[in-house]
Amino acid sequence: MEEYNEVDIEIVESEKIATSEATEAADKPKLIKLPLTRIKHIMKMDPDCSLISQDALFLVTKSAEMFLEHLAKESVKFMGMGKRKTVQKRDVDAAIDNVPSLCFLDGALE
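Residues numbered from 1 in each chain as written. Predicted model: local features only at pLDDT ≥ 70, side-chain atom pairs only at ≥ 80, totals over all residues. Heavy atoms only, no water.

- The chain carries the name DNA polymerase epsilon subunit 4 in an unreviewed UniProt entry, which gives Asbolus verrucosus as its organism.

Next up, the structure:
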């Protein structure tokens, strides 16, 4: 049987810890799905916005995701009424016309 010294044991233990940390990091769900660089680029299109903090970028990105999710869910409701499996522009238009929280988008798709 092989003999292990303290250094060998420490190396093996540190490799186990690194492997378990990498596995845990891979298992954690991402907090955001939209690309931060793309959102930052869109935000910088505003001439009044020169510096963007990471917190502001995260919050705007998360807000955009939540808004798109709401719009998609409302559009799917109108898609189901038409007994189709694909969301079409008319479904999004119907959601915008019939959901009060989306009325500010009226005319945005034209």
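### Remarks on the packing of helix α3 (residues 54-81) against helix α4 (residues 89-98)
Working step 1: The geometry of α3 relative to α4 is characterised by a closest axis approach of 8 Å and an angle of 110 degrees between their N-to-C directions. Judged on the interaxial angle alone, α4 and α3 are roughly perpendicular. Contact residues: α3 offers L71, E74, S75, F78 and M79, while α4 offers D91, V92, A94, A95, I96 and N98.
Working step 2: Within the contact of α3 with α4, the residues separate by chemical class into seven nonpolar, two polar and two charged. (Axes fitted to C-alpha atoms, helices over the stretch in contact; angles between N-to-C directions. Helix = DSSP H or I, 4+ residues; strand = E, 2+ residues; numbered from the N terminus. Parallel < 35°, antiparallel > 145°, perpendicular 65-115°, else oblique. Contact = heavy atoms within 4.5 Å. Nonpolar A, V, L, I, M, F, W, Y, C, P; charged D, E, K, R; others polar.)

### Comments concerning α4
Working step 1: D91, V92, A94, A95 and I96 are the residues of α4 that are buried.
Working step 2: Buried residues along α4 sit against α3. (Buried < 20%, exposed > 50% of the residue type's maximum accessible area, 1.4 Å probe, protein only.)

### Focus: the nonpolar core
Working step 1: One finds L71, F78, V92, A94, A95, I96, V99, L102 and L105 forming the largest nonpolar core, which totals nine residues.
Working step 2: Secondary-structure elements contributing two or more residues to this core are α3 and α4.
Working step 3: Considering every element that reaches this core, the biggest residue donor is α4, with four residues.
Working step 4: Ignoring any residue separated from it by four or fewer positions in sequence, one finds A95 in contact with E74, S75, F78 and L102. (Core = buried A, V, L, I, M, F, W, Y, C linked by side-chain atoms within 4.5 Å.)

### Structural notes on the side chain of E65
Working step 1: Within the secondary structure, E65 is located in helix α3.
Working step 2: Under the relative-accessibility criterion, E65 is labelled buried at 12%.
Working step 3: A polar contact of 2.7 Å, which involves the side chain of E65, links it to the backbone nitrogen of L34.
Working step 4: In contact with E65, not counting residues within four places along its chain, are L31, I32, K33 and L34. (Polar contact = N/O pair within 3.5 Å; in protein donor to acceptor, adjacent residues only side chain to side chain.)

### Some details on the pattern of salt bridges
Working step 1: Within the structure shown, the criterion is met by five salt bridges.
Working step 2: Residue K62 pairs with E65 through a salt bridge whose shortest N-O separation is 3.8 Å. Placement of both K62 and E65 in helix α3 is noted, with a separation of three residues, approximately one turn of the helix.
Working step 3: In this structure, the salt-bridge partner of D91 is R84, at a minimum N-O distance of 2.6 Å.
Working step 4: Residue D91 is classed as buried on the basis of its relative accessible area of 2%. (Salt bridge = Lys/Arg side-chain N within 4 Å of Asp/Glu carboxyl O.)

### As for the packing of aromatic side chains
Working step 1: Scanning all chains against the criterion turns up one aromatic pair.
Working step 2: Between the aromatic rings of F67 and F104, the centroid separation amounts to 6.0 Å while the plane-to-plane angle is 45 degrees, which identifies the pairing as tilted. Within this pair, whereas F67 is found in helix α3, its partner F104 is found in the segment after α4, the two being separated by 37 residues in sequence.
Working step 3: We classify F67 as partly exposed; its relative accessible area is 29%. (Phe/Tyr/Trp six-rings, centres within 6.5 Å; stacked < 30°, edge-to-face > 60°.)

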